[in-house]
Amino acid sequence: MLSVTGKWMLSTACLVVGIAMLVGAVAMCTAGCSQANSPSVDARALARGTVETLETAWLDAANACVATGDPATAKKCEAFLDPARNALVVAADAVNSWTAADQSNFPCLLAQVIRGLSDTSTLLSGLKVLSDQLSNEIQDGLNLASAFLPQCVAADGGNG
Amino acid sequence: MNPALWLQIISAAISDFPELLQGIKDIIAAVEGQAPAAAQQPPLTVQQDTQAADDKLHALANS
């Protein structure tokens, strides 16, 4: 049987340990839990990665078109890839400067790039010359761009 | 053990706790503060990078 002093010491010790554990948990959550639950990605870094991925996809798409050796196919590719490249160049410039206006224009530039690449992908697929690598690159680009694309729809009222 | 000594130990733990907490906060702040700032990335050069492939595509399309 514990004496009154013993009980008091025991309850005080429990209180101190409890407070320590609570404060420790709060401190650790302040340091790490919020980051683990909602990883923040720098928008510019994501934009840069998206443009680089789309550039790789564009290059491989253009090379695949050239590899067919067919001028008619190349002409069709040109119709898709020219606007895509123009948009990609402007998107890259936007990432380089990354002003408020750049950030506003960026989503719809990506949408234009994706459209051109998707059309080229469909064309090459129909000709049975779409490689898995190119298909995956375009898909990767689309996945990355998907973080920005909804803003394009919002900006043009869904008409773009 | 002497209850007075226990009391002293517990009091010391309580009184030191804010200091301990502050130490943890300082470490967190130091880690965050010492994290290297995002390295200045070289500019993207899509136009130059894609020029050769674009030229080939146009050459074939117009052949």
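All figures in this text were calculated on a predicted structure; none of them were measured in a lab.

Reading the values: rules and limits
Residues numbered from 1 in each chain as written. Chains lettered and ligands numbered in written order. Predicted model: local features only at pLDDT ≥ 70, side-chain atom pairs only at ≥ 80, totals over all residues. Heavy atoms only, no water. Helix = DSSP H or I, 4+ residues; strand = E, 2+ residues; numbered from the N terminus. Buried < 20%, exposed > 50% of the residue type's maximum accessible area, 1.4 Å probe, protein only. Areas by Shrake-Rupley, 256 points an atom, 1.4 Å probe, with all protein chains shown as cover. pLDDT = per-residue confidence, 0-100. Salt bridge = Lys/Arg side-chain N within 4 Å of Asp/Glu carboxyl O.

**Student:** Can you break down the overall build of chain A residue by residue, with the values?
**Tutor:** The secondary structure content of chain A amounts to six helices and zero strands. Shown N-terminal to C-terminal, the secondary structure of chain A runs as helices and strands in the order α-α-α-α-α-α. Counting across all 160 residues of chain A, residues that qualify as buried make up 33%. With the model as given, the accessible surface of chain A reaches about 8,600 Å², and the carbon-plus-sulfur share is 61%.

**Student:** Quick one: what's the story with the confidence of the model for chain B, residue by residue and with numbers?
**Tutor:** Residue-level pLDDT values for chain B average 76, and 54% of them are 70 or greater. Across the whole predicted complex the pTM is 0.66, and at the interface the ipTM reaches 0.72.

**Student:** Kindly report on the pattern of salt bridges, identifying the contributing residues and their values.
**Tutor:** A full pass over the atoms with the stated rule returns three salt bridges over all chains. Across the pair E78 of chain A and K75 of chain A runs a salt bridge whose closest N-O atoms are separated by 3.8 Å. Note that E78 of chain A and K75 of chain A are positioned in helix α3 (residues 71–97) at a spacing of three residues, about one turn of the helix. Overall, the relative accessible area of 10% leaves E78 of chain A in the buried class. Judged by relative accessible area, which is 42%, K75 of chain A ranks as partly exposed. D54 of chain B serves as the salt-bridge partner of R85 of chain A, at 3.0 Å between the closest nitrogen and oxygen. Linking R85 of chain A in helix α3 with D54 of chain B in helix α2 (residues 46–61), this pair reaches from one chain into another. Overall, R85 of chain A belongs to the buried group, its relative accessible area being 7%.

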